Amino acid sequence: MKKKIQLLVIILLTTLYTFANNNLAHLSIKTNNNDLPKTTNINHSLNTEKLPELLTAYLSGKITIKGTGETIPGAVIYIPDLKSGTSSDVNGFYKLTNLPKTKLLVQVSYLGYKTIIEKIDFATTTTKDFVLEPSITEINEVVITGTSRSSEIKRNPIPILVMDRKTIDQVMSTNIIDAIAKLPGINAVTTGPNISKPFIHGMGFNRVLTLVDGIRQEGQQWGDEHGIEVDENEINKVEIVKGPASLTYGSDALAGVVNLIPFPSVAPGKIKGNLSTNYQTNNRLIGTSASIDGNNNGFIWGGRMSYKQATNYQNKFDGRVFGTAFAETDGSGYVGLNRAWGYSHLNFSAFNDLQMIPDGSRDSITRKFTKQITEADTYRPIVSDEELNSYKIGTLHQHIQHYKIYSTNNFILGDGKLGVTLGYQQNIRQEFSHPESASTPGLDLLLNTFTYDFKYYFPDFNGWETTLGVNGMAQKNQNRGTEFIIPDYHQLDIGPFLHIKKDLGKLDLSAGVRVDSRIFSNDGMFVTTDPTTGFEMQVNPTSTLTKEQIFTKYNHTFSGLSGSIGTSYRVNENLTIKVNIARGFRAPNISEISANGVHPGTNLYQIGNQNFKPEFSLQEDLGIFYLHEHFKGSIELFNADIDNYIFNQKLLNHLGQDSVIISGNETYKFQQSKAHLYGGEFSLDIHPHPLDWLHFENSLSIIFAINKGTAGVSVASDAKYLPFIPPLHTHSELKADITQHFKSFSGVYAKIEMDYYAKQDKVYAADNTETVTPGYTLFNAGFGADILNKKGKTFCSIHISGNNITDVAYQSHLSRLKYFEDYPNNGTSRSGIYNMGRNIGFKLSFPIGS
């Protein structure tokens, strides 16, 4: 399958490159002297006067520096609602063509300067100069997540974080979720280095919705150890909503949203590419990625291929951790049109991951890792050093394939707009758990998902912005393997919503309401023993074979009302206050309702509960943001009460020992309770004068999570806290960021970081479900620069990073490997698997094209 994907992407890239040579070679760089001075990188072969006068518009102008009047080459002018933009040329001039005659938000940005965000009426404005003011602290953004339309982040009452590509490149990680996990209020539950799931304010799993380009990512997200099937190389920006976003996205966004946004299309008349490679020392990760993108007068196209592989990671207590090697191949492409009537884009992607499955089994004397070699599992040999250091994927592994095709569309209808997004995804999850039948998967699930999203943006009326929409999905999941943890199921989600926003000058008001319905049905299932293989197989309920019913038929409709109301008030140029109140909704997932079996890779037997009710949350958020010339700071507080909160609890037998249904697997059952979570994030970024190139950034995150129990039932002292709650975390970074250009270098930076994680003793200790995690401190460092060619353009970008440079042996409280231990009383005072030790990473990136 990997070779097929590689061949498919190679054919795609070859076709696109051939198209580019054949169709764009004739484009010439011309200048309309009536509009702009002579320039070298703006395509003026387009004569906008020949376009239908009533349909199209254009915008041109110059970008200069406040105070000096100097022009700025390379400033980015971008229109989020059209997904198109351009950059200023060597003389600071820009031109945007094929624009609709309506009002849209325009963002103008350049590193080291305040971003300008302004709504412009293209029906009346054809020339617009922008004057950028130097700034070392202010970074404003246009965001598209958590609200019905693009908006200025400081005018949006919803708490939102943004991580741009520059920051992603400077943070060493093995997947995109790990890259964002150091942000205030954000964490990740991990199962080794390549499997991470995002947590927001101590809530995760199906409470955090992951989007890719606005499309919900659906790949068996109910599984604790099921990662996000995304190529991190294609992500340009990450927007994170810290709080209920059910209003816009429905169920599964109760705690927030992580929106992974790909790179925008290149400017008209351009062909650009990129080749990047990276290496990490700890698990000897090798990664490469290549892309090519073009724009022929609004016809956009592009493709990317990526590959990475790694052997088992290591730390000083465990050595190399068997079962953590992986090999991932990704391919993606797109075509589309950007026109005055809006845009229409078609995207497709393929994700193929071979991931070994750690189980933590060891030799009781030497503490070396062992492996299963027979189905009976009566003897496990010690894993050899050769195998521990090998890139080869072993017999017991996961094979995850994710295919996606989707269309995003935005049609300008007079002064209104119609947004239509349709997507289809297929996820194939195979977990090979039979050591003597290497080609026979244990768990084998086929998930097909169709998503839809329709929005109509009414014309602005006296400062009111109104959006009416409906979105949801239809989903079908099938078992095809020999091990069964969940039954086959179908579900249909539908959620109409209304959102309004009012601009009152310094005050912005936002409110909305939504009604969700999830029509859910899972099949009953009977199994018997296959006489040929000896494994379980599904049989028809009417079969005369000796059979066992492991799942009962279940039908239910979950519904709920959600909404939000909030305000953002700009007290003055420096101080902004945000307040938001939101009600969230989440329907139980298939595992929480109907699970009944062993899940390979988790070491547990999972039991669901068909009597569960939907979760409902009420969350209040308060944010205070202060911006000064030489420092900026923020305080963000949240308080959330959740009814019917679902969590996992270990079951004990009548002797107080672990309940075991299947040998070697602890038994867990989902429970439901009332929960109260509260806490906040504090940040301070100092730029000491006159050393404006020096940054001292600090943040603190703290979360308290109380199990309130159920009505009439008291909560035991060892069950008073909720499980999987991150400890107090502080992050400090001292960074030199030099923006000036030298003869051969630009964008030079160097940094050192300290991450402190406090002891987490507020754990759900009932029935030994969770244990206390000691505190620890990690130091990281990094530096990099852009290397310039003789023409002063970037030839190569280099990033060198070091994580855990003091090689601390630690266990994250949110690492599932912490509980992978056969012999907890082993005489070492240690239990479970530790996180990755020192890791040094090297990354090179080569831009290609104009």
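Being a predicted model, the structure only gives us computed values, none of them experimental.

Peer 1: Would you mind showing me how to read the pattern of salt bridges here?
Peer 2: A side chain with one charge may pair with a side chain of the opposite charge, provided their charged atoms come close. Evaluated as defined, the whole model comprises 41 salt bridges. Linking D252 and R518 is a salt bridge whose minimum nitrogen-to-oxygen distance equals 3.8 Å. With D252 in the loop between helix 4 (246-249) and strand 16 (256-262) and R518 in strand 29 (residues 507-522), this pair connects stretches of sequence that are 266 residues apart. Overall, D252 belongs to the buried group, its relative accessible area being 5%. Put simply, E821 and R362 hold a salt bridge, and the shortest N to O gap is 4.0 Å. Of this pair, E821 sits in the loop between strand 44 (794-803) and strand 45 (839-849) while R362 sits in the loop between strand 23 (342-356) and helix 5 (385-388), and the two are 459 residues apart along the sequence. Through salt bridges that share partners, R216, E218, D252, D493 and R518 make up one connected network.

Peer 1: I would appreciate a short explanation of the side chain of N448 in the present structure.
Peer 2: Within the fold, N448 resides in strand 26 (residues 443-457). According to the relative accessible area criterion, N448 is buried, its value standing at 18%. Looking at N448, its side chain comes within polar contact range of the side chain of Y424, at 2.5 Å. Within the local environment of N448, its side chain forms a polar contact with the side chain of Q426, the two groups lying 3.2 Å apart. Every residue in contact with N448, bar those within four places of it in the chain, is listed here: Y424, Q425, Q426, A474, Q475 and K476.

Peer 1: Please explain the nonpolar core as it appears in this structure.
Peer 2: When a protein is soluble and globular, its nonpolar side chains tend to lie buried together. I176, I180, V238, I240, V258, L260 and L677 are the most contacted members of the largest nonpolar core, which totals 37 residues. In contact with L260, other than residues within four places in its own chain, are I176, T210, L211, V212, D213, V230, I235, K237 and V238. Counting 21 residues, the second-largest nonpolar core is a separate cluster that includes A57, A75, V106 and I120.

Peer 1: Whenever I open this one, the packing of aromatic side chains confuses me. Can you help?
Peer 2: The relative placement of two aromatic rings is captured by the distance of their centres and the angle of their planes. The full count for this structure, using the stated rule, is 18 aromatic pairs. With a centroid separation of 6.5 Å and an interplanar angle of 25 degrees, the aromatic rings of F450 and Y452 are classed as stacked. Take F450: its relative accessible area is 39%, and that puts it in the partly exposed class. Clustering of aromatic rings is evident, with ring pairs tying together F199, F205 and F724. Directly above the ring of F625 sits K578, whose terminal nitrogen or CZ lies 5.2 Å from the centroid. The aromatic ring of Y749 is capped on one face by K735, whose charged end is 5.4 Å from the ring centroid.

Peer 1: I would appreciate a short explanation of the side chain of T467 in the present structure.
Peer 2: Note on placement: T467 falls in strand 27 (residues 464-479). Beyond its immediate sequence surroundings of up to four residues, T467 is in contact with S148, R149, K455, Y456, Y457, F497, L498 and H499.

Peer 1: Which parts of the structure should I look at to understand the confidence of the model for the protein?
Peer 2: With 91% of its residues at a pLDDT of 70 or more, the protein shows a mean pLDDT of 89. Taken as a whole, residues 4-54 scores under 50 in pLDDT and shows 88 contacts with residues more than four places along the chain or in a different chain.

Peer 1: Which parts of the structure should I look at to understand empty space enclosed by the protein?
Peer 2: To find the voids left in a structure, one rolls a probe of water-molecule size over its atoms. Summed over all chains, the structure comprises 14 cavities of 30 Å³ or more. As a volume, the largest cavity reaches approximately 750 Å³. In this structure, the largest cavity is lined by 34 residues; those nearest its centre are D178, T190, L778, Y810 and N835. When residues of the lining of the largest cavity are traced back to their parent elements, those giving at least two are strand 11 (186-190), strand 42 (745-757) and strand 43 (776-788). In this structure, the second largest cavity occupies an estimated 340 Å³ of space. As for the second largest cavity, its lining consists of 28 residues, and the residues nearest its centre are S173, E232, N278, Q280 and K843. Residue assignment for the lining of the second largest cavity shows that the elements contributing at least two residues are helix 2 (165-170), helix 3 (176-180), strand 17 (271-280), strand 18 (285-296), strand 19 (299-310), strand 22 (326-339), strand 44 and strand 45. Here the residues of the lining of the second largest cavity are counted per class, giving nine nonpolar, eleven polar and eight charged.

Peer 1: Explanation requested: a nonpolar patch on the surface in the structure shown.
Peer 2: A cluster of nonpolar side chains, contributed by V335, L346, F348, I405, L422, Y424, F450 and F454, occupies part of the molecular surface with about 620 Å² of accessible area. Breaking the nonpolar patch down by element, the ones donating at least two residues are strand 23, strand 25 (416-432) and strand 26. Position of F348 among the secondary structure elements: in strand 23.

Peer 1: Sorry, what's going on with the sheet that holds strand 6 (residues 116-121) here?
Peer 2: Note: strands within a sheet are paired through backbone hydrogen bonds, in either parallel or antiparallel orientation. The strand order across the open sheet formed by four strands is 3-2-5-6, and the pairing between neighbours is antiparallel. At either end of the open sheet lies a strand with only one pairing partner, and these are strand 3 (84-87) and strand 6. Between one strand axis and the next, the sheet turns by 20 degrees as a mean value, whatever way the strands run. Note that strand 2 (residues 76-79) and strand 3 share four bridges and pair antiparallel. When the bridges of strand 3 are listed, Y78 appears paired with G85.

Peer 1: For this particular structure, what's the right way to read the sheet that holds strand 4 (residues 93-100)?
Peer 2: Spatially, the three strands line up as an open sheet ordered 4-1-7, and their pairing is mixed. In the strand order of this sheet, the two ends are held by strand 4 and strand 7 (130-132), each with one partner. On average, adjacent strands in this sheet sit at an angle of 30 degrees to one another, irrespective of strand direction.

Peer 1: Would you mind going over the environment of I590 with me for this structure?
Peer 2: Inspection of the secondary structure assignment puts I590 in helix 6 (residues 590-594). When its relative accessible area of 3% is taken as the criterion, I590 is described as buried. Between the alpha carbons of I590 and N522 there is a distance of 8.3 Å; along the sequence they are 68 residues apart. When sequence neighbours within four positions are dropped, the list of residues in contact with I590 reads W222, I486, P487, Y489, F520, N522 and A595.

Peer 1: Before we go on, may I ask you to explain the pairing of strand 31 (residues 536-539) in this structure?
Peer 2: On a regular strand, each side chain points to the face opposite its neighbour's, so the side chains alternate between the two faces of the sheet. As defined by bridge partners, strand 30 (residues 525-529) adjoins strand 31 across four bridges and the pair is classed as antiparallel. In the sheet register, F526 faces strand 31, and the bridge partner there is V539. Between strand 30 and strand 31, which pair antiparallel one after the other, the connecting turn spans six residues, and G534 there sits at a positive phi close to 85 degrees.

Peer 1: I'm lost on the pairing of strand 17 in this one. Help?
Peer 2: Judged from the ten bridges that link them, strand 17 and strand 18 form a sheet pairing that is antiparallel. Paired with I271 across the two strands is G294, which belongs to strand 18. Bridge count for strand 17 against strand 45 is nine bridges, and the pairing is antiparallel. Considered in strand 45, the bridge of Q280 is made with G841.

What counts and what doesn't
- Residues numbered from 1 in each chain as written.
- Predicted model: local features only at pLDDT ≥ 70, side-chain atom pairs only at ≥ 80, totals over all residues.
- Heavy atoms only, no water.
- Salt bridge = Lys/Arg side-chain N within 4 Å of Asp/Glu carboxyl O.
- Helix = DSSP H or I, 4+ residues; strand = E, 2+ residues; numbered from the N terminus.
- Buried < 20%, exposed > 50% of the residue type's maximum accessible area, 1.4 Å probe, protein only.
- Polar contact = N/O pair within 3.5 Å; in protein donor to acceptor, adjacent residues only side chain to side chain.
- Contact = heavy atoms within 4.5 Å.
- Core = buried A, V, L, I, M, F, W, Y, C linked by side-chain atoms within 4.5 Å.
- Phe/Tyr/Trp six-rings, centres within 6.5 Å; stacked < 30°, edge-to-face > 60°.
- Lys NZ or Arg CZ within 6 Å of the ring centre and 35° of its normal.
- pLDDT = per-residue confidence, 0-100.
- 1 Å grid on protein atoms, 1.4 Å probe; cavity = no way out; pocket = protein on both sides within 12 Å on 5 of 7 lines; lining within 4 Å.
- Points joined across faces, edges and corners; volume = space filled by probe spheres on them.
- Nonpolar A, V, L, I, M, F, W, Y, C, P; charged D, E, K, R; others polar.
- Patch = residues over 30% accessible without salt bridge, like charges linked within 9 Å, V, L, I, M, F, W, Y side chains within 5 Å.
- Areas by Shrake-Rupley, 256 points an atom, 1.4 Å probe, with all protein chains shown as cover.
- Pairing = 2+ DSSP bridges.
- Axes fitted to C-alpha atoms, helices over the stretch in contact; angles between N-to-C directions.

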